[in-house]
Amino acid sequence: MSASLTALAADKLADLEARNLRRWLKDSPRDGGSVIVRDGRRMISFCCNDYLNLSQDPRVIAAANAATARYGTGSGGSRLITGNYPLLGELEARLAALKGAEDCIVFGSGYLANIGIIPTLVGKQDVILADALIHNCMIAGSRLSGAAYHQFRHNDLQHLETLLQELRETHRHCLILTDGVFSMDGDLAPVPALLALAERHDAWLLTDDAHGIGVVGGGRGSSFAFGDKVEVPLQMGTLSKAVGSYGGYLCADRPVIDLMKTRAWSMVYSTGLPPGVVAASLAALDIIENEPDYCARPLANARLFCDLLGLPAPESPIVPIILGAETRALEASRKLEAEGFLVSAIRPPTVPAGTARLRLTFTACHEEADIRRLAAGVATVLEAAA
Ligand SMILES: *Cc1c(COP(=O)(O)O)cnc(C)c1O
């Protein structure tokens, strides 16, 4: 036992607690649709990323069980050694088709995808231009790459253009990073304009569509949310949200994908996904491709909620209610919990300082009556906080 080690951890935790930034894991078993059980209480969850409830779908569960029975519970190795059973290639072909890309590679998770993709493409002589609100895993991947890193103000094309004019010529390659659907704000990136700007400056656009697949652009993600398909060269995303399973992916031209399969360390040195997980993703994609009306429900539910509260129309199933101080967000979340709604308070460093918020996510299985009761509850909380 090392006393200094334990003391370090205890000191850091005490400091976080004093600033209302300590976080706790809570057992939260799900019970069917949108119901979650916490501390013995059944609540309706408005903070689950399983937008289509596919993790609970009997067809998806049956596919996972069958693949587990056939192939076992684990893949047994890195995909480059022995972990590459046929379902993985099948999933990659299906994702490439859904995204209108030449090829695809599946990683262990969305986080592993971004920390593998970015350093494979850029290094010390290159520059990364990143939206100020991108997800943490793109920041981590950027650090690993060693490339120069500059932020542009959120969705601010003019600021991005200024940075391109200042920085592009003095760097070998330039990678532009954005969420397709912003995970804590729910707004879309201006994908067509970002691509046009990238192409004009010979830069590569990567969109992280973790919250896009299954729920925007007819289920095909943010590249398809603006009419004609936007030819984003690097479409990245996760299988752990609307797809209801686990894993990350990149869709791109074949040479880019082949390079990843050889050089992306988080794929090369990490074990392939379990077969049951991959089979679940395949079964979920069947549903996403064949049931567009069902895929439209999360956004329609978010729209109903925003209408009821007079909020701007949402662009995705994610609706933020920004409250500012951490304590206000925590207090609002506690009050809603007392009324039977689980709505998470999101605090820094997940969001910028001073923008602590309630983050609501709407799913296909929320009932209209529950959304109306939630809206009334949120209105009361906001009045009390005003
Ligand atoms: C959730 C999320 C990820 C991480 O995906 P996992 O598969 O959960 O590791 C990456 N990017 C964004 C924008 C996300 O919201």
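About the criteria used
- Residues numbered from 1 in each chain as written.
- Predicted model: local features only at pLDDT ≥ 70, side-chain atom pairs only at ≥ 80, totals over all residues.
- Heavy atoms only, no water.
- Core = buried A, V, L, I, M, F, W, Y, C linked by side-chain atoms within 4.5 Å.
- Buried < 20%, exposed > 50% of the residue type's maximum accessible area, 1.4 Å probe, protein only.
- Helix = DSSP H or I, 4+ residues; strand = E, 2+ residues; numbered from the N terminus.
- Domains from an automatic or database assignment.
- Contact = heavy atoms within 4.5 Å.
- Pairing = 2+ DSSP bridges.
- Axes fitted to C-alpha atoms, helices over the stretch in contact; angles between N-to-C directions.
- Buried area = accessible area lost by both parts, 1.4 Å probe.
- Salt bridge = Lys/Arg side-chain N within 4 Å of Asp/Glu carboxyl O.

Draft legend 1. The arrangement of the nonpolar core in detail. Counting 38 residues, the largest nonpolar core has Leu52, Leu91, Leu95, Val106 and Tyr249 as its most contacted members. Contributing elements (two or more residues each) for this core: helix H2 (58–71), helix H3 (86–99), strand S3 (103–107), strand S9 (248–252) and helix H10 (275–290). Residue assignment places this core across two domains, with domain 1 (22–51 + 317–385) and domain 2 (58–290) each supplying three or more. Filtering out sequence-adjacent residues up to four positions away, valine 106 remains in contact with Arg79, Leu88, Leu91, Glu92, Leu95, Leu239, Gly248, Tyr249, Met267 and Leu273. Within the second largest apolar cluster, 25 residues are counted, among which are Leu323, Val343, Ala356 and Val381.

Draft legend 2. Just the pairing of strand S8 (residues 234–238), in detail. In terms of burial, S8 is largely enclosed, as 5 of its 5 residues are buried. Strand direction decides the pairing type here: strand S7 (residues 204–208) and S8, joined by 3 bridges, are parallel. For leucine 206, the partnering residue across the bridge sits in S8 and is leucine 234. Bridge count for S8 against S9 is 4 bridges, and the pairing is antiparallel. Across the sheet, methionine 236 pairs through a bridge with leucine 250, a residue of S9.

Draft legend 3. Structural view of the sheet that holds strand S12 (residues 344–346). With antiparallel pairing, the 3 strands of this open sheet are ordered in space as S10-S13-S12. Bordering the open sheet on either side are strand S10 (318–324) and S12, each of which pairs with just one other strand. The sheet shows a mean angle of 30° between the axes of neighbouring strands, direction not considered. Lying on the sheet, helix H13 (residues 326–338) is in contact with S10, S12 and strand S13 (356–361); it crosses S13 at an angle near 35°.

Draft legend 4. Representation of the domain arrangement of the protein. Taken as a whole, the protein is organised into domain 1 (22–51 + 317–385) and domain 2 (58–290). Inter-centroid distance (C-alpha atoms) of domain 1 to domain 2 is 27 Å. If you look at the interface, domain 1 gives 12 residues, while domain 2 gives 12 residues. Between domain 1 and domain 2 the total buried area reaches about 970 Å² when both faces are included, carbon and sulfur atoms providing 66% of it. If you sort the residues of domain 1 by the area they bury against domain 2, Asn49, Tyr51 and Ile318 come out on top, with a joint share of 43%. On the surface where domain 1 and domain 2 come into contact, there are 1 salt bridge. Put simply, arginine 357 and aspartate 185 hold a salt bridge, and the shortest N to O gap is 3.1 Å.

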